[in-house]
Number of protein chains: 2
Amino acid sequence: MLACMNTAQASLTIGAVAKRVGVAIDTIRYYEREGLLPEPLRRASGYRSYDEGAVRQLRFIRRAKDLGFTLEEIRDLLALSADRHRGVKAVKQRAQQRLAVIEERIAELTRVRDGLAQMIESCPGHGSPEQCPILRALVADESAV
Amino acid sequence: MLACMNTAQASLTIGAVAKRVGVAIDTIRYYEREGLLPEPLRRASGYRSYDEGAVRQLRFIRRAKDLGFTLEEIRDLLALSADRHRGVKAVKQRAQQRLAVIEERIAELTRVRDGLAQMIESCPGHGSPEQCPILRALVADESAV
DNA sequence: ATAAACCTTAGACCTTGATCTAGAGTCAAG
DNA sequence: CTTGACTCTAGATCAAGGTCTAAGGTTTAT
């Protein structure tokens, strides 16, 4: 841990990796079972032994997951990275598909927000329920959320 | 909740409702169990008997779900319309809370979109994985699979 | 040298949001 | 009146993405 600035074999335990990436130990073993992380080296005792590359790969998985990829899709992305030439194109395409889905969702939510905001604005906040645009939209109209 | 002066009690079977809304029969019963749909009237035989209000409410649930709300959130959203007796004021407050949640969700998704869009933009879409920012986090070391 | 803290496995369990099954009753058309 | 489509219930099952347990073995710090 001291002067180990050196490249490859940091030999981290699973707990150390979990702590560094901010993920549960069980999750790391789960990803390994699911083929998202390669099987690591083992110490004589059987303990898993990770290096910086594993930390990077785990971070990649988490980032991809945060971007809305399913584990299945991430496994796919990782497999594609093996295809050193055509892989990049496919990865970019998939990212673009993801982006389109996310943008569509943002657009929908924005429409909903605007509708709701307008309802709130035009609701007096008192009086009879029949006059409340929020209730009218929720109960009777299709264009609410 | 949806007890209105509205159109006739059409007395639809669960299957008819399912067909009209485009949802499985099981899903309707599931929503009922989960408190998203009120318990419908029953025929003498025990068959559920729905009216147009139920159809509308079910459509509302599906739309909200499509927009990424959890069933829990939808139950909450529906509670807005149940608040009639506590007054328009309470309803408006709940709507405002909901608006804040939606805006937070939009902000989150926007952050995700920006991250993804930036990666895509700086990815050439061809060449070696080393040039692809989407993969670079993963392959920074040569030991990529 | 002993306790605390960590690691191993297989396998059970959790949450969400449904979907399916079995065994039974009901309804509508011919 | 019979047949096939429909509905009922309770409970099992699914899929994704983990999380936890039991019953150990290993390391490390005091």
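Colleague: Tell me about the overall build of chain A, and name the residues and values.
Modeller: Along chain A, the regular secondary structure elements total six helices and two strands. In chain A, the succession of α and β elements from N to C terminus is α-α-β-β-α-α-α-α. With 145 residues in all, chain A has 39% of them scored as buried. Put simply, of all contacts in chain A between residues at least 6 apart along the chain, 47% involve residues at least 24 apart. Surface summary for chain A: the accessible area is close to 8600 Å², and the carbon and sulfur share equals 51%.

Colleague: Give me the lowdown on the environment of Ile106 of chain A, citing residues and values where you can.
Modeller: By the element assignment, Ile106 of chain A lies in helix α5 (residues 87–122). Discounting residues that sit within four places of it in the chain, Ile106 of chain A has contacts with Leu109, Thr110 and Arg113 of chain B.

Colleague: How would you explain the pattern of salt bridges if you had to name every residue and give the values?
Modeller: Residues and elements named next belong to chain B. Under the defined criterion, the tally for this structure stands at 16 salt bridges over all chains. With its nearest N and O atoms 2.8 Å apart, the salt bridge here joins Arg105 to Glu73. Of the two residues, Arg105 sits in helix α5 (residues 87–121) while Glu73 sits in helix α4 (residues 71–82), which places them 32 residues apart along the sequence. Since its relative accessible area comes to 16%, Glu73 is described here as buried. A salt bridge links Arg98 to Asp76; the nearest nitrogen and oxygen atoms lie 2.6 Å apart. Residue Arg98 is found in helix α5, and its partner Asp76 is found in helix α4; the two are separated by 22 residues along the sequence.

Colleague: Explain the environment of Leu116 of chain A residue by residue, including any values.
Modeller: Within the secondary structure, Leu116 of chain A is located in helix α5. Spatially, the C-alpha atoms of Leu116 of chain A and Ile134 of chain A are 7.7 Å apart, while their sequence positions differ by 18 residues.

Colleague: Explain the packing of helix α2 (residues 25–33) of chain A against helix α3 (residues 52–66) of chain A to me, using residue names and the numbers behind them.
Modeller: All names here are of chain A. Contact geometry of α2 with α3 gives a least axis separation of 12 Å together with a crossing angle of 90°. With respect to α3, the axis of α2 lies roughly perpendicular. Contacts between α2 and α3 pair Thr27, Ile28 and Tyr31 from the former with Leu58, Ile61, Arg62 and Lys65 from the latter. A class-by-class count of the residues in the contact of α2 with α3 yields four nonpolar, one polar and two charged.

Colleague: Go over the protein's contact with DNA strand C with me, naming the residues and quoting the values.
Modeller: Neighbouring residues of DNA strand C: 22 residues in total, closest Gly15, Arg29 and Arg48 of chain A together with Tyr31 and Tyr47 of chain B. Close to the protein, within 4 Å, the atoms of DNA strand C belong to sugar or phosphate groups at a rate of 68%. Measuring from a phosphate oxygen of DNA strand C, one finds a backbone N or O atom of Gly15 of chain A at 2.7 Å. Contact between DNA strand C and Ser45 of chain B: a phosphate oxygen at 3.2 Å from a side-chain N or O atom of the residue. The set of elements that each furnish at least two residues to the surface near DNA strand C consists of α1 (14–21) and α2 of chain A together with α2 (25–33) and α3 (52–66) of chain B. The biggest single contributor to the surface near DNA strand C is α2 of chain B, with five residues. Its residues placed into classes, the surface near DNA strand C shows eight nonpolar, six polar and eight charged.

Criteria and thresholds
- Residues numbered from 1 in each chain as written.
- Chains lettered and ligands numbered in written order.
- Predicted model: local features only at pLDDT ≥ 70, side-chain atom pairs only at ≥ 80, totals over all residues.
- Heavy atoms only, no water.
- Helix = DSSP H or I, 4+ residues; strand = E, 2+ residues; numbered from the N terminus.
- Buried < 20%, exposed > 50% of the residue type's maximum accessible area, 1.4 Å probe, protein only.
- Contact = heavy atoms within 4.5 Å.
- Areas by Shrake-Rupley, 256 points an atom, 1.4 Å probe, with all protein chains shown as cover.
- Salt bridge = Lys/Arg side-chain N within 4 Å of Asp/Glu carboxyl O.
- Axes fitted to C-alpha atoms, helices over the stretch in contact; angles between N-to-C directions.
- Parallel < 35°, antiparallel > 145°, perpendicular 65-115°, else oblique.
- Nonpolar A, V, L, I, M, F, W, Y, C, P; charged D, E, K, R; others polar.
- Near = heavy atom within 4 Å.
- Polar contact = N/O pair within 3.5 Å; in protein donor to acceptor, adjacent residues only side chain to side chain.

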